[in-house]
Amino acid sequence: MAQNLKVLGFDDNSCKAWRSSGDRTCMVAWARGFSAGTARSAPARRRCRRRTVERNIEQYCRKNPAGLFIDAAYRMSDSMSGRNEPIRK
């Protein structure tokens, strides 16, 4: 089902919404789509599994309860793309 799911955004991007959601399918699908889109420009195109994305968001929201679950996707994308790596000549 999630393969055909198209999600543009959410009314509530908070970690509170993440924690209270009974069904995180849309949230995880959005994060996977965001990661896939940003990874296209990365040298090594990596695909994230649903459980990996869900675990990363869960850990981020546990550490940042007042944060936004979409920030977890941004951080995950940065780490996958190499943007967090030191600049080399």
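Now for a look at the structure at hand. Counting of residues starts from 1 at the beginning of each chain's written sequence and follows it residue by residue. Predicted model: local features are reported for residues with pLDDT of at least 70 only, side-chain atom pairs are reported and counted for 80 or more only, and whole-chain, interface and lining totals are derived from all residues. To obtain the side-chain values, all non-hydrogen atoms of the structure were included, while hydrogens and water were left out.

As for the environment of valine 28
Going along the chain from the N terminus, every DSSP run of H or I of four or more residues is numbered as a helix, and every run of E of two or more is numbered as a strand. If you trace the backbone, valine 28 turns up in helix α2 (residues 25-39). When the C-alpha positions of valine 28 and arginine 50 are compared, they lie 6.7 Å apart, and in sequence the two are 22 residues distant. Ignoring anything within four residues of it in the chain, the contact list for valine 28 reads Trp18, Arg50, Val53 and Glu54. It only takes one pair of heavy atoms within 4.5 Å for two residues to be counted as in contact.

Section: the packing of aromatic side chains
Paired rings are identified among Phe, Tyr and Trp, the last through its six-membered ring, by centres lying within 6.5 Å, and are further divided according to the angle between planes into stacked (under 30 degrees), edge-to-face (over 60) and tilted (the rest). Scanning the model with the defined rule gives six aromatic pairs in all. Look at phenylalanine 10 and tryptophan 30: their rings are 6.4 Å apart centre to centre, the planes differ by 75°, and that puts the pair in the edge-to-face class. Of the two residues, phenylalanine 10 sits in the segment before α1 (15-20) while tryptophan 30 sits in helix α2, which places them 20 residues apart along the sequence. The buried label applies to any residue whose accessible area, calculated with a 1.4 Å probe on protein chains only, is under 20% of its type's maximum; exposed applies above 50%, and partly exposed to all values in between. What makes tryptophan 30 buried here is its relative accessible area of 14%.

Side note on the state of the cysteines
The criterion for a disulfide is a pair of cysteine sulfur atoms lying within 2.5 Å. Tallied over the full model, the rule gives one disulfide. Here cysteine 15 engages in a disulfide with cysteine 61; their sulfurs sit 2.2 Å apart. On the S-S bond that ties cysteine 15 to cysteine 61, the torsion sits near -70°, and the link is left-handed. Of this pair, cysteine 15 sits in helix α1 while cysteine 61 is found in helix α3 (residues 50-63), placing the two residues 46 residues apart along the sequence.

So far we have only geometry, and geometry alone does not tell us how the molecule works.
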